[in-house]
Amino acid sequence: MFFYRIYQFLIMIPLIVVLTILTGLVTVVGSLLGGGRFWGYWPPHIWARLCTWLTFVSVSVTGRENIRKDTSYVFVANHQGAYDIFAIYGFLNHNFKWLMKVGLRKFPVIGVACAAAGHVFVDNSSPAAIRRTMAKAERTLRNGMSVVVFPEGSRTRTGRMRPFHKGAYQLSMEFHLPVVPVTIDGAFDVLPRGSWLPRPGKIRLTIHPPIAPPADEADRRRVIDASFEAVHSALPARHQ
C-alpha cells in the first residue's frame, strides 16, 4: 500500500491531470472545428480507458448485444461514484451525450469541453429554461446519438440505489426513444462519495434490454419502475 500511494501521488495523479487537460483542449478545439459528434466522444472515450488503466481498475461489460449503434436511446444508470463516468465513457461503446446539471458548466476545463461537445445541460430555473433544454435535447438526439442519465440525481452515499427521478423518462416520452437500463457495480468500492483517491478494483457494466418509451404521463411510472428493477436486479445483495 505504501508503494501504491507513492505511485498515486508521483505518477498516477500528475498523468491523469495532464490527460484531463489535454482531452479537454482537444475536445474543445475539435468540436469547434469539426463538430461534437466525433470530438465530443472519442477523445473522452480514450481518456476514460487510460484513466482506468492508470488506476488499476478493470471494467467488464455484458449485454452489448441488447443495443444497436445506429439507434438513439435514453440510457439510465445507477450512480455509485465518480468512476461511473470512466466506466460509461470508456466502455459503453455507444456515442452519447450526458444529461448534466447546469452547474457543472462552471467547472474549469471540463465545463467548457462539455459545452463545446454538445452535452445537454439541464436548467430548471424557469419554464423558458426548461423549454430551451428540451429543444437542445431534440436537436441532439438524432441519427443514433443517445443520452446517458443518472436518474438518482447524485451519487449514492451507501452503495444502495435511491428512487429514480422522472426527467430521463420525460425525454423518452417526448422523443419516442427506448429506455436502456444500465447497472454499474463496483464503482462504489473503487471511489465512494467523499473519497479522493481510488482503489484498484473491478467494475461491471450490465446493459439490459431496451424498454419501450412511455405512451403518456400515466404510463411513465411503469417505465420508471421497470428500469429501476432491471438496474437493481444486477447488483449484489449488499447494494440492493
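These remarks concern the structure in this document. (Residues numbered from 1 in each chain as written. Predicted model: local features only at pLDDT ≥ 70, side-chain atom pairs only at ≥ 80, totals over all residues. Heavy atoms only, no water.)

Listed as buried for helix 5 (residues 110-117) are Gly111, Ala113, Cys114 and Ala117. Within helix 5, the buried residues cover an arc of 165 degrees as seen down the axis, which keeps them to one side. Where helix 5 is buried, its residues touch helix 1 (2-34), helix 2 (36-39), strand 3 (96-101) and strand 4 (120-122). (Buried < 20%, exposed > 50% of the residue type's maximum accessible area, 1.4 Å probe, protein only. Helix = DSSP H or I, 4+ residues; strand = E, 2+ residues; numbered from the N terminus. Arc of directions from axis to C-beta. Contact = heavy atoms within 4.5 Å.)

With that out of the way, let us pick up the layout of surface pockets. In this structure, the second largest pocket encloses a volume near 210 Å³. For the second largest pocket, the lining is made up of 13 residues, of which Arg105, Phe121, Arg132, Thr133 and Lys136 are closest to its centre. Residue assignment for the lining of the second largest pocket shows that the elements contributing at least two residues are strand 4 and helix 6 (127-140). No other element matches helix 6, which puts five residues into the lining of the second largest pocket. (1 Å grid on protein atoms, 1.4 Å probe; cavity = no way out; pocket = protein on both sides within 12 Å on 5 of 7 lines; lining within 4 Å. Points joined across faces, edges and corners; volume = space filled by probe spheres on them.)

The mixed open sheet is built from seven strands, whose spatial order is 1-7-6-2-5-3-4. With one partner strand each, in any of the chains shown, strand 1 (57-62) and strand 4 form the two edges of the open sheet. Taking the axes of each pair of neighbouring strands and ignoring which way they run, one obtains an average angle of 25 degrees across the sheet. Bridge count for strand 2 (residues 74-77) against strand 5 (residues 146-149) is three bridges, and the pairing is parallel. The partner of valine 74 across the bridge, within strand 5, is valine 147. (Pairing = 2+ DSSP bridges. Axes fitted to C-alpha atoms, helices over the stretch in contact; angles between N-to-C directions.)

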